[in-house]
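Architecture at a glance
Listed here are the chains, written in short residue letters.
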Amino acid sequence: MHHRAIFLFHILFVLPATGLRAQRADTLSGVTLLSVRPAQPLRSSNISITLSRKSLAGLNSSTVAEAARFLPGIQVKDYGGIGGLKTVSLRSLGANYTTVLYNGMIVSDAQGGQIDLGRFNLINTNAIEYTINSPAVTLAPARAFANAAIINIIPDYEVPNGGVGLKAGIHTGSFGLINPFANLQLGVSSKTSLHLSGDWEEANGKYRYRDYENGGKYKVRTGAAISEFRAEASLYHKISDSSFLLWQNVAYHSNRGLPGAVILYASPAGDRLKSTSIFSQVQWKTPLSKKLTALLSAKYSKEDKDYSDPDYPNSARKLENFFRQQSLNGSAAFEWKISHRWGIHYAADFIWDALKRIDSFAVNYPNPQRKSLIQNAGVNWAVKNMRLQADLLHNLINETVKTGVDRNNESRLSPSASINVKPGLIPLYLRASFKYIYRFPTFDELYFTNIGNTALRPEIARLYNVGMLGENSFRAGRVKASWSVDGYYQFVTNKILAIPRQNLFQWSMMNVGKAAITGMDAGVFVSVLKRKVILNTGINYSFQQALDLSDPSSVSYRKQLPYAAIHAGTLRAVAEWGRLRTGYNLLFTGERYRAGGELPGDRLSAFTTHDVNVAYQVKMKKSMAMEFKAEANNIFNRQYEIIRYYPMPGFNFRLSLTVTYKNNKSRK
Amino acid sequence: MNKHFYFLAILAIVLFSACKKSDAPYDPIKPAKGVYVLSEGNFNANNSKLAYRDAATGVVSGDFFTQQNPSQTAGLGDVANDMLIYGSKIYIVVNVSSNVTVLDAQTGTFISRIPIQSLGTGRQPRYAASANGKVYITAYDGTVSAIDTTSLSVSQVIPVGPNPEGILVYNNKLFVANSGGFNAVPDSTVSVVDLNSNTEVARLVVGVNPQQLAVNSTGDVYVTSFGNFTSIPPSVTVINGNNNTVKQQLGPNYQFDHVRIYNDIAYFYNSYATTGTRVKTYDTHTGSVVRSEFITDGTTVSVVYGVDFDADNGDVYICDAGNFSDPGKVTCFSSEGIKKFSFSVAPGINPKKTLFLR
């Protein structure tokens, strides 16, 4: 039972923007190295949303995890507080079905498959590109085509023409937060630029929550202090208009307390997690001929996760789980624009992942190594009113272990296709897609001490989506509205669940799950320009019926999956007037259940949180500007939980001061 | 003179019957008014439950604790592992919440919550046994806490071996199974504590990762062990409780991790097994098998998570944890292994212990 607690921890451990009018007002000054797509491309055959820097600034969010709450179909599992782990899941599939890209390259976690998006802050993020099924741009590594949801974090590489750009500032606020940051962009030559950024964050993590034992009183969440450090050093070289070389190096370190679930009548846990990760990735995009382009990339990453429990009742009075992951991958992707109608894309990735357990409590950990060859071949066809994309993905996996028996090689073929049709003359588009995904088990599911099961097979998910989208403009273009409605059906089999195994004390992972998830995601985004005020509003609503079909004899059969809310929604509104910008955000999550079976004692009530923010810019000299920003979150001090017994903070706030210096002559 | 004689005679009979608890004909036990069933709940879910089934009506109150104590809105706590009735009170050991919750046995009314902690950190208590006005509680931090039942507070802490689990009282001594289950190499010892001096007087070697103990009327203490889940299977060791020596290991036909004894018959079972023998019964005097499968009518029990006995009629109550996430149930069998009735303890998950209210 106690190994299970640590394993559960490891499991944990992964408007449509502003409308077209505001997108023009949002034009970035200087040169952007990496183009940002329109907020919701109408011809996209899969859901595709981009949150630009302006939109991100209005979301009362400091990390990518918090911003992800506003992506349609996405649910963020937040374990509470500024240092609480946050993982992201699409349409109740689970965090393992989300691929995270950093500027187009995979951020991998072969150990747990769950990237903690709280480690990517928004200070250095230029945009978040969110797509379902296929990456937004088909010239991408093969692995970008493998999953259900793709979140691409595009860093802020704005470079003033051959000059210097410096941004520095500090955040402070609730939880004892101090977060200074700096970002330097240096035009080394007319074609080369250097980017350095860093931020350091300290917070005591304390907040009040309503006492579960004595409803009228409050307790303070302790043991949640966090200390984080991020740094990036990157070099960009523009070879020509259609080719570049980009070398990025990113480091992250954090040391945080993990108080865990609130245990009634007991003192808080003193568990701690130290994470250190570094990665270095190189991308070279080059035309091979007039019609053929190649994107060659390579990446090395290393991540240490050191988890410790100082109350563990063994002879050392401590348990440590220190895992070191390394990953090396190389990818060659090609795009061949045969004609203005046809295109073919192909990518092959070779990936090596290795996991070692290096603490003194490890006994016979198998130190697995996995070599994967992933290939994707696809075709695009576009005519005036129709776009079609079809892909075939192949996964070949070989795994070896230091102790124990090697698993057999795995080979799987996954097809997907999508279509977008404009049936008439009005701006209304219909889209449909299907995709089969094989989700390979993670290292934790296969090998974790006493719980892993090396006989696990991949999960199989069949995803189907049909939708409609369009846009309209009124009042001579001063009001623009775009909208979308998508209905989906997802059928997952061989789902990996933790269940008790015969004659074993600890639980084990088995392929016994089955789920059918049906739902709808709808959104409307309106952008208004009146006199000098720009107003952007986005509303998302989602409906979901996620049924557990695993065990007909269980109370959970044909009942809603744990934590799947039937209704959920978000509202975002930003108003800009000259130098002043204010925003309001609302998040609604309907009733859901802590466990399967929809039993009354497991019900978590619905909740709504409201956030507001205001920012004001001051121009200091020709090339310097200063921005003050104040954000107030959960302004009605709603006491709520996302995960049972992990209370979320009530009212909290953040203040920011940012100074920017640009030595160039662009506007702004 | 006559008055004194009658008084002494009654006193003699009472004392005589108190010394011979297992000798049923001399000590009439009242039929149970009802049964309490304690359910662990899930780890870190704070959802332990106490259920009560009325014997006359058969009505089950799944969350009896909250029903009788509506002001206790948070419930019992996290992972309630064991309980016993001593005197007029029920003592519930809540493992992860690290306390002993005391209720009035007749009404289920909350009396007190005794923290089992050391310097503000929970000791993580596991099992309980009672003697001499005290309730003794094993805890994972390697201790036995003695709770004084008049003051309802911990009066003494006795160090034993690592991660103790089961505990019993025999012959004014405590026998404690030191599992050592949190270490890479589990322990394999039983601590013997003399209750006159409250100190450990012997440590005996038994099977690997010992869990539960039970004693018969002549002092044979049976100890069951988990083994190490790979090369070493579960096992049963017998200790002579009178002179603190190991008598024998029962051999490969007795690979069980839990044991209960009633009327000198041992009931062996595996608490996480979903297939195979449910309960094996064994005569502790003759050393022979009574029934290799106690259940005779083919009734299925998914997971035998607890076995308790109604001393009034010899009925055997078996707790079924099912799939460990759905609510559990309890089945009452006659001593011949035939199902009499069964009931769900919903919303309780992982029912473990049954007590009889008289």
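Residues numbered from 1 in each chain as written. Chains lettered and ligands numbered in written order. Predicted model: local features only at pLDDT ≥ 70, side-chain atom pairs only at ≥ 80, totals over all residues. Heavy atoms only, no water.

Scanning chain B from N- to C-terminus turns up two helices and 30 strands. Relative to its length of 358 residues, chain B is compact, with a C-alpha radius of gyration of 20 Å against a globular reference of 21 Å. Across its three principal axes, chain B shows a C-alpha extent of roughly 65 × 50 × 45 Å. Put simply, chain B has 358 residues, and 58% of those count as buried. Looking at chain B alone, contacts between residues at least 24 apart form 45% of all its contacts between residues at least 6 apart. Accessible surface computed for chain B: about 13,900 Å², of which carbon and sulfur atoms make up 54%. Side-chain charges in chain B split into 25 positive and 27 negative, and the spacing between the mean points of these groups amounts to 4 Å. (Helix = DSSP H or I, 4+ residues; strand = E, 2+ residues; numbered from the N terminus. Rg over C-alpha atoms; globule rule 2.2 N^0.38 Å. Buried < 20%, exposed > 50% of the residue type's maximum accessible area, 1.4 Å probe, protein only. Contact = heavy atoms within 4.5 Å. Areas by Shrake-Rupley, 256 points an atom, 1.4 Å probe, with all protein chains shown as cover. Lys, Arg positive; Asp, Glu negative; His and termini not counted. Charge placed at Lys NZ, Arg CZ, Asp CG, Glu CD.)

This brings us to the packing of aromatic side chains. Enumeration over the complete set of coordinates arrives at 38 aromatic pairs over all chains. Measuring from centroid to centroid gives 5.7 Å for Tyr272 of chain B and Tyr305 of chain B, while their planes differ by 90°, and the two rings are edge-to-face. Pair noted here: Tyr272 of chain B is in the loop between β23 (265–269) and β24 (280–283) and Tyr305 of chain B is in strand β26 (residues 304–310), with a separation of 33 residues, a long-range link. Taken as a pair, Tyr272 of chain B and Tyr305 of chain B share a single burial class, namely buried. An aromatic cluster is defined as three or more aromatic residues linked by ring pairs; in this entry it consists of Tyr222, Tyr254, Phe256, Phe268 and Tyr282 of chain B. One cation-aromatic arrangement involves Arg644 of chain A over Tyr645 of chain A; the distance from NZ or CZ to the ring centre is 4.3 Å. (Phe/Tyr/Trp six-rings, centres within 6.5 Å; stacked < 30°, edge-to-face > 60°. Lys NZ or Arg CZ within 6 Å of the ring centre and 35° of its normal.)

This brings us to the interface of chain B and chain A. Across the contact, 39 residues belong to chain B and 36 residues belong to chain A. Summing both partners gives a buried area of about 3,100 Å² for chain B against chain A, and 57% of it is carried by carbon and sulfur. In terms of surface lost to chain A, no three residues of chain B exceed Phe43, Phe182 and Tyr272 of chain B, which account for 21% of the buried area on that side. Counting every contact that joins chain B to chain A gives zero salt bridges. Taken together, the links from chain B to chain A amount to 11 residue pairs in polar contact (both at pLDDT 80 or more). Of the residues that constitute the side of chain B that touches chain A, the class distribution is 15 nonpolar, 20 polar and four charged. (Buried area = accessible area lost by both parts, 1.4 Å probe. Salt bridge = Lys/Arg side-chain N within 4 Å of Asp/Glu carboxyl O. Polar contact = N/O pair within 3.5 Å; in protein donor to acceptor, adjacent residues only side chain to side chain. Nonpolar A, V, L, I, M, F, W, Y, C, P; charged D, E, K, R; others polar.)

Attention now moves to the confidence of the model for chain A. Scored by pLDDT, chain A has a mean of 88; 91% of the residues are at 70 or more. Ignoring residues within four places in sequence, the model shows residues 1–33 of chain A, a span with pLDDT below 50, making 115 contacts including any to other chains. (pLDDT = per-residue confidence, 0-100.)

Residue and element names in this part refer to chain A. In terms of burial, strand β32 (residues 624–633) is largely enclosed, as seven of its 10 residues are buried. Bridge count between strand β31 (residues 607–619) and β32: eight bridges; the pairing is antiparallel. Bridge pairing in β32 places Val614 opposite Ala630. With antiparallel pairing between neighbouring strands as the criterion, β31 and β32 make up a hairpin whose turn holds four residues. Where β32 lies against strand β35 (residues 652–662), 10 bridges are found, and the strand directions are antiparallel. Paired with Met626 across the strands is Val659, a residue of β35. (Pairing = 2+ DSSP bridges.)

Turning our attention to the environment of Tyr102 of chain A. Residue and element names in this part refer to chain A. Mapping Tyr102 onto the fold places it in strand β4 (residues 98–102). With a relative accessible area of 6%, Tyr102 lands in the buried category. Spatially, the C-alpha atoms of Tyr102 and Asp78 are 21 Å apart, while their sequence positions differ by 24 residues. Setting aside residues up to four positions removed in sequence, Tyr102 forms contacts with Val107, Phe120, Asn152, Ile153, Pro155, Glu232, Gln248, Val250, Phe279 and Gln281.

Let's shift gears to the nonpolar core. Residue and element names in this part refer to chain A. Core analysis: the largest hydrophobic core is formed by 44 residues, its most contacted members being Leu117, Phe120 and Tyr130. Among residues more than four places away in sequence, those in contact with Phe120 are Thr63, Val64, Val100, Tyr102, Val107, Ile115, Ile153 and Arg230. Among the nonpolar cores identified, the runner-up in size contains 21 residues, and Ala261, Tyr265, Tyr645 and Tyr646 belong to it. (Core = buried A, V, L, I, M, F, W, Y, C linked by side-chain atoms within 4.5 Å.)

The subject of this paragraph is the side chain of Ser297 of chain A. All names here are of chain A. Position of Ser297 relative to the elements: it lies in strand β16 (residues 292–309). Look at Ser297 and you get buried, because its relative accessible area is 7%. Not counting chain neighbours up to four residues away, the residues in contact with Ser297 comprise Met105, Pro141, Val282, Gln283, Asn329, Gly330 and Ser331.

Here we come to the sheet that holds strand β22 (residues 258–262) of chain B. What holds strands together in a sheet is hydrogen bonding between their backbones, with the strands either parallel or antiparallel. Residues and elements named next belong to chain B. The four strands are arranged β22-β23-β24-β25 in an open sheet whose pairing can be described as antiparallel. Across the chains shown, the open sheet's two edge strands, defined by having one partner strand only, are β22 and β25 (288–291). Adjacent strand axes in the sheet meet at a mean angle of 30°, parallel and antiparallel pairs treated alike. (Axes fitted to C-alpha atoms, helices over the stretch in contact; angles between N-to-C directions.)

All right, on to the pattern of salt bridges then. For the structure shown, the criterion picks out 41 salt bridges over all chains. For Asp521 of chain A, the salt bridge goes to Arg91 of chain A, with nearest N and O atoms at 2.9 Å. One end of the pair, Asp521 of chain A, is in strand β25 (residues 507–530); the other, Arg91 of chain A, is in the loop between β3 (86–90) and β4, with 430 residues separating them in the sequence. Judged by its relative accessible area of 3%, Arg91 of chain A falls in the buried class. Salt-bridge contacts for Asp141 of chain B lead to Arg123 of chain B; the nearest nitrogen and oxygen are separated by 2.7 Å. A residue pair is termed long-range when its members are at least 10 positions apart, and Asp141 of chain B in the loop between β11 (134–139) and β12 (143–148) and Arg123 of chain B in the loop between β9 (121–122) and β10 (125–131) qualify at 18 residues. The buried category is assigned to Arg123 of chain B, whose relative accessible area is 13%. Salt bridges here are not isolated pairs; linked through shared partners, they connect Arg370, Glu399, Arg407, Glu410 and Arg412 of chain A.

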